[in-house]
Amino acid sequence: MSQTQKTLVDSFGRKIDYVRLSVTDRCDFRCVYCMAEEMNFLPRAQLLSLEELASLGQSFVNLGVKKIRLTGGEPLVRRGIVELVESLSALPGLDEVTLTTNGSQLSKFAMPLQRAGLKRINISLDSLVPGRFARMTRRDMLPQVLAGIDAVVDAGFKRIKINSVVMRGHNDDEVLALVDYAQQRDIDISFIEEMPLGQVTSHNRKHAYCSSDDVRQLVEKAYTLLSSTDTTGGPSRYYRIPERKGRVGFISPHSHNFCDSCNRLRVTAEGRLVLCLGQENSVDLRALLRRYPGEQTRIENAISEAIMHRPEGHQFAQDDAPQILRFMNMTGG
Ligand code: SAM
Ligand code: SF4
């Protein structure tokens, strides 16, 4: 096992210290912006095993990565997820393990995840209206998600954040209600612009596009937003509200391209290292893990070399065509 602490820097001088590992492409929801109604998921053998995920985590930490976010698909439908959090949290040199979830199973998992060392948690919530929630996620499970959020608040996580994709004509009239909901619980909320990942048939992405500036104006009808330099290592631009604990963030892949400061890599559920969310190029780490089991240095060299091919960035066009064929559940949000 390699013991040297290195730093990953790409050919544009961007330091990479954050990795998102997708632990499954499966999900108990079918959000309209993320998946088609009918999905074919990967056979289990094509997913990275928990051991392979833990070994990759170790390699990234050896390469100087400080933060690993587990995502998917829905990470909490992957058996053994708590044990994976535990083994990653124990890696010396890693500052934090975090998780992004749809919240449907958090009532059951909040405490075990907290005990396993999970520091922060992001929960997706696009609507507080049951019928609308069911239309956006294609699952009638709002009560479970709200109970899950209560469970993480009670479990005492250091930071909790709601993520909401805002779609015009779907949930843009709920922006203030969602901010109120987060404020009442002293938790952060980030609003996300929908990205053209995968072919969707349920809506026209161009018509549903709602820019972060538009969302910010909606929030400012009721709250004073003070721009802040806060960062959690992700792409959110944060604003503070005077006298309040919870912040309001905006993730704006269309309107405020954040490529020049991108510090992130993603690994898909089948072990492809994705160098940029908005580009197709990737490297097959699973093949290496399986051909050379235990040869960590070989994996680390492959990652270091791949970094040098990292593109400068992405540019999403404002039409309805998917620019990336992978759905978001494949890449990991
Ligand atoms: N299932 C978990 C969840 O929903 O939080 C984790 C995976 S999900 C792919 C991660 C994040 O990506 C979610 O916050 C979701 O809203 C967001 N997302 C999915 N598809 C998206 C798209 N096309 N554009 C923007 N955000 C998207
Ligand atoms: Fe599942 Fe998350 Fe995609 Fe929704 S956004 S379908 S919860 S993976």
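Everything numeric in this text was worked out from a predicted model, so none of it was measured.

## Focus: the sheet that holds strand E3 (residues 18–22)
Phase 1: Pairing is mixed across the open sheet formed by 12 strands, whose spatial order is E9-E10-E11-E8-E7-E6-E5-E4-E3-E12-E13-E14. The sheet is open, and its two edges are formed by strand E9 (226–227) and strand E14 (282–284), each paired on a single side.
Phase 2: Across four bridges, strand E4 (residues 67–71) lies against strand E5 (residues 96–101) in parallel orientation. Bridge pairing in E5 places Ile68 opposite Val97.
Phase 3: Across the sheet, helix H1 (residues 50–62) is in contact with E3, E4, strand E12 (264–267) and strand E13 (272–274); its angle to E3 comes to roughly 170 degrees.

## Points about the site of ligand 1
Phase 1: Around ligand 1 lies a shell of 19 residues, among which Tyr33, Gly73, Thr101, Ser124 and Met195 are the nearest.
Phase 2: One of the backbone N or O atoms of Gly73 is found 3.0 Å from a nitrogen atom in ligand 1.
Phase 3: One nitrogen or oxygen atom from the main chain of Thr101 is found 3.1 Å from an oxygen atom belonging to ligand 1.
Phase 4: Considered on its own, ligand 1 offers 540 Å² of accessible surface; in the complex 96% of this is hidden by protein.
Phase 5: Contributing elements (two or more residues each) for the shell around ligand 1: E5, strand E7 (159–166) and strand E8 (188–193).
Phase 6: Per-class residue counts for the shell around ligand 1 are six nonpolar, nine polar and four charged.

Conventions we followed
- Residues numbered from 1 in each chain as written.
- Chains lettered and ligands numbered in written order.
- Predicted model: local features only at pLDDT ≥ 70, side-chain atom pairs only at ≥ 80, totals over all residues.
- Heavy atoms only, no water.
- Pairing = 2+ DSSP bridges.
- Helix = DSSP H or I, 4+ residues; strand = E, 2+ residues; numbered from the N terminus.
- Contact = heavy atoms within 4.5 Å.
- Axes fitted to C-alpha atoms, helices over the stretch in contact; angles between N-to-C directions.
- Near = heavy atom within 4 Å.
- Polar contact = N/O pair within 3.5 Å; in protein donor to acceptor, adjacent residues only side chain to side chain.
- Areas by Shrake-Rupley, 256 points an atom, 1.4 Å probe, with all protein chains shown as cover.
- Nonpolar A, V, L, I, M, F, W, Y, C, P; charged D, E, K, R; others polar.

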